[in-house]
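Survey of secondary and tertiary structure
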Amino acid sequence: MAPKKSASKEQAAAIERAKLEEPHGYEFGGPIGAALITIGLPIGCYAFAFLCNDVSGCPAPSLLSPSKLFSPPILSNKTPLVHALDTLKAEVGWPGFAGLISVEAALGTFAWYALSLLLYVILPATEVEGVELKSGGKLKYRLNAFLSAVTTLVACAAGTFVRGPDFQVWEFINRNYFQLLTCNILISYGLATFVYIKSFTVKSGNVDKRELAAGGHSGNIIYDWFIGRELNPRVSIPLVGEVDLKSWMELRPGMLGWIMLDLAFIAKQYKSYGYVTDSIRTCLQTILNNAKFVIAVMVTISQAIYVLDALYMEPAILTTIDITTDGFGFMLAFGDLAWLPFTYSLQARYLSVHPVVLGPLYVAAILSVQAAGYWIFRSSNNEKNRFRTNPKDPKIAHLKYMETSAGSRLLTSGWWGTARHINYLGDWLMSWAYCLPTLLAGYKLTDSIMYPGTRLVSTEGMKGAAIPITYFYMLYFAILLIHREMRDEEKCRRKYGKDWEAYCEKVKYRILPYVY
Ligand code: NDP
């Protein structure tokens, strides 16, 4: 009987592979959508970075009076558009196109990637296998992202202990913020191009366990470059060995880069507000300043927990859609290296210039949202991971599940019985905790008449104006997760066919039980 059983298992796996290899339609609006995203998102990153600034305000104040912005003075020979652009350039501290990049930032970025690579090589690591490839076999992964991150953060803590907020790394980041953004955008474009060209060396027949992503070889250059042609591109680097580009980029330079940016912003806030440097500060002001400082720290700690959790659970990344299904192209490269660190840290950047005081009740409410989100996110993801890797684990052995003709089982009770992507709900709730501390966001900066050389931060006429910036993450993340859920639903429908219909009958909601 045993051989029969394994034959049917193999048959099921073959059916599953064949279904996943069926031609995919375009996603993200096809080549036009891909082109628009490729151009639009980097511009979006710059727009956030400049329009919420420490020169004039967040957002640049003249954006709030468009009629004035487009009205040049009577004697001026500027057109309304040129006048508006000149005004905005002055308000955002526009450094000119050449000023968007610098040798210092390029060297710093290079050093950051080199350090990540060095820690990847020299620190102890566990070696694990990824999921079965469509073409058969499993790739090996070297995992030590958590240890690398902790090592880096401990070194930075030591530097901060010695130098305080003047620690060179924080100063470097704050001095080169825009230029670092440019370097990471350029790396994303370069990397996407490199892996696209390299993907043409993938040979059919599972040579070196290399294969193309099912949805990544449509034949359209723009689309395939964007979505990722090869599933798991790898490079061999002298003295380093083989590096899996997709998983390495996903968890290392950008993910930790997000927290490094947050920490640099905390240092900036502390430098601006944390010291009692002159006689005009009263004791009460000092206490308030410390409270404000704590809020920025709170946002950073919330985000650091999220990042360190992802790094600690590094093996779990191997079963995510990013690793198992999507190719590696501009979409993931840019998301990992530029979009994630620079837009996810917008709240900490905002608070570094405009500290906010929250009462204990509000702090408790935000922390509760974060805790609830984390609980749903972590326990649901753990539940599925345990079920898939060790179904006999007593923690999940009691859960109900259904068999499928594709071979894999689907949980129908526990977290996965409440909604088909309940883990996304937890993830989204956590995003609230990052945005809510900015309250009715908006500030402007003016020169102090009383204390020449001092800049004053006020919310006068600005309250709520920066909400589209500091709360953007919540909205964007909701869109990302809903879109991701639809893509995964499509993938599962293709893979499980009628079984998926039956599963949807049992688990009716997609993300939010009884609502969606
Ligand atoms: P999921 O972890 O949600 O996995 C989806 C897969 O799980 C499906 O394709 C299917 O795969 C399997 N599955 C579906 N239903 C069941 C079930 N009932 N029982 C068992 N297995 C099931 O996918 P993601 O990779 O999208 O998410 C991983 C985590 O990463 C999430 O928590 C998400 O929120 C987070 N994330 C965070 C992002 C960020 O920017 N912060 C971005 C994207 C994700 P199979 O074919 O094996 O059956």
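Keep in mind it's a predicted model, so treat the numbers as computed, not measured.

On to the side chain of Thr343, then. Position of Thr343 among the secondary structure elements: in helix H14 (residues 330-344). Overall, Thr343 belongs to the buried group, its relative accessible area being 4%. Within the structure, the side chain of Thr343 is placed 2.6 Å from the backbone oxygen of Trp339, a separation counted as a polar contact. When residues no more than four places from it in sequence are discounted, the contact partners of Thr343 are Cys45, Phe48 and Ala338.

What follows deals with the state of the cysteines. Taken as a whole, this structure holds 1 disulfide when the rule is applied. Covalent S-S linkage joins Cys52 and Cys58, the inter-sulfur distance amounting to 2.1 Å. Here the S-S torsion is close to -100 degrees, and the disulfide linking Cys52 with Cys58 is therefore left-handed. Judged by its relative accessible area of 0%, Cys58 is buried. Take Cys45: it sits in no disulfide, and the sulfur closest to it among the cysteines is that of Cys183, at 14 Å. With relative accessibility at 4%, the residue Cys45 sits in the buried group.

A separate point is unusual backbone geometry. The omega torsion across Cys58 and Pro59 is 0 degrees, close enough to zero to call that bond cis. Of note in this structure, Leu439 is not a glycine but carries a positive phi near 50 degrees. Along the chain, Leu439 turns up in the loop between helix H18 (422-435) and strand E8 (443-447). Even without glycine at this site, Tyr514 takes up a positive phi of about 70 degrees. Its place among the elements puts Tyr514 in the segment after helix H21 (498-506).

Before going further, it helps to examine the packing of aromatic side chains. Each pair of aromatic rings is reported with the distance of its centres and the angle of its planes. Enumeration over the complete set of coordinates arrives at 36 aromatic pairs. Measuring from centroid to centroid gives 4.1 Å for Phe50 and Phe178, while their planes differ by 0 degrees, and the two rings are stacked. Here Phe178 lies in helix H8 (residues 177-198) and Phe50 lies in helix H2 (residues 30-51), a separation of 128 residues in the sequence. Classification of Phe50 as buried rests on a relative accessible area of 6%. Using a relative accessible area of 17% as the deciding quantity, one classes Phe178 as buried. Each ring, one from Trp94 and one from Phe97, has its centre 5.1 Å from the other, and the planes form 85 degrees; the classification is edge-to-face. The partly exposed category is assigned to Trp94, whose relative accessible area is 27%. Sitting over the face of the ring of Tyr141, Arg234 holds its NZ or CZ atom 4.9 Å from the ring centroid.

Turning our attention to the sheet that holds strand E9 (residues 455-458). Read across the open sheet, the 3 strands follow the order E1-E8-E9; overall the sheet is antiparallel. With partners counted over all chains shown, the strands left at the sheet margins are strand E1 (57-58) and E9, one partner each. In terms of strand pairing, E8 meets E9 through 4 bridges, oriented antiparallel. From the neighbouring strand, Thr446 faces E9, where its bridge partner is Leu456.

To continue, consider empty space enclosed by the protein. Taken as a whole and assessed by the stated rule, the structure comprises 3 cavities of 30 Å³ or more. One number sums up the size of the largest cavity: a volume of about 80 Å³. As for the largest cavity, its lining consists of Trp112, Leu115, Ser116, Leu119, Ala145, Ser148, Ala149, Thr152, Leu251, Arg252 and Leu256. Where the lining of the largest cavity is concerned, the elements lending two or more residues are helix H5 (103-122) and helix H6 (145-163).

For the ligand, the set of nearby residues contains 25 residues, the closest of which are Arg388, Tyr424, Asp427, Asp488 and Tyr496. Separating an oxygen atom of the ligand from a side-chain N or O atom of Asn381 is a distance of 2.8 Å. Going through the elements one at a time, helix H16 (360-389), strand E7 (410-411), H18 and helix H20 (472-496) are the ones with two or more residues in the shell around the ligand. A class-by-class count of the residues in the shell around the ligand yields 13 nonpolar, 4 polar and 8 charged.

What follows covers a nonpolar patch on the surface. A cluster of nonpolar side chains, contributed by Ile482, Met486, Leu512, Tyr514, Val515 and Tyr516, occupies part of the molecular surface with about 610 Å² of accessible area. Examined against the element boundaries, Ile482 turns out to sit in helix H20.

About the cut-offs
Residues numbered from 1 in each chain as written. Predicted model: local features only at pLDDT ≥ 70, side-chain atom pairs only at ≥ 80, totals over all residues. Heavy atoms only, no water. Helix = DSSP H or I, 4+ residues; strand = E, 2+ residues; numbered from the N terminus. Buried < 20%, exposed > 50% of the residue type's maximum accessible area, 1.4 Å probe, protein only. Polar contact = N/O pair within 3.5 Å; in protein donor to acceptor, adjacent residues only side chain to side chain. Contact = heavy atoms within 4.5 Å. Disulfide = S-S within 2.5 Å. Phe/Tyr/Trp six-rings, centres within 6.5 Å; stacked < 30°, edge-to-face > 60°. Lys NZ or Arg CZ within 6 Å of the ring centre and 35° of its normal. Pairing = 2+ DSSP bridges. 1 Å grid on protein atoms, 1.4 Å probe; cavity = no way out; pocket = protein on both sides within 12 Å on 5 of 7 lines; lining within 4 Å. Points joined across faces, edges and corners; volume = space filled by probe spheres on them. Near = heavy atom within 4 Å. Nonpolar A, V, L, I, M, F, W, Y, C, P; charged D, E, K, R; others polar. Patch = residues over 30% accessible without salt bridge, like charges linked within 9 Å, V, L, I, M, F, W, Y side chains within 5 Å. Areas by Shrake-Rupley, 256 points an atom, 1.4 Å probe, with all protein chains shown as cover. Salt bridge = Lys/Arg side-chain N within 4 Å of Asp/Glu carboxyl O.

Geometry only, nothing functional implied.
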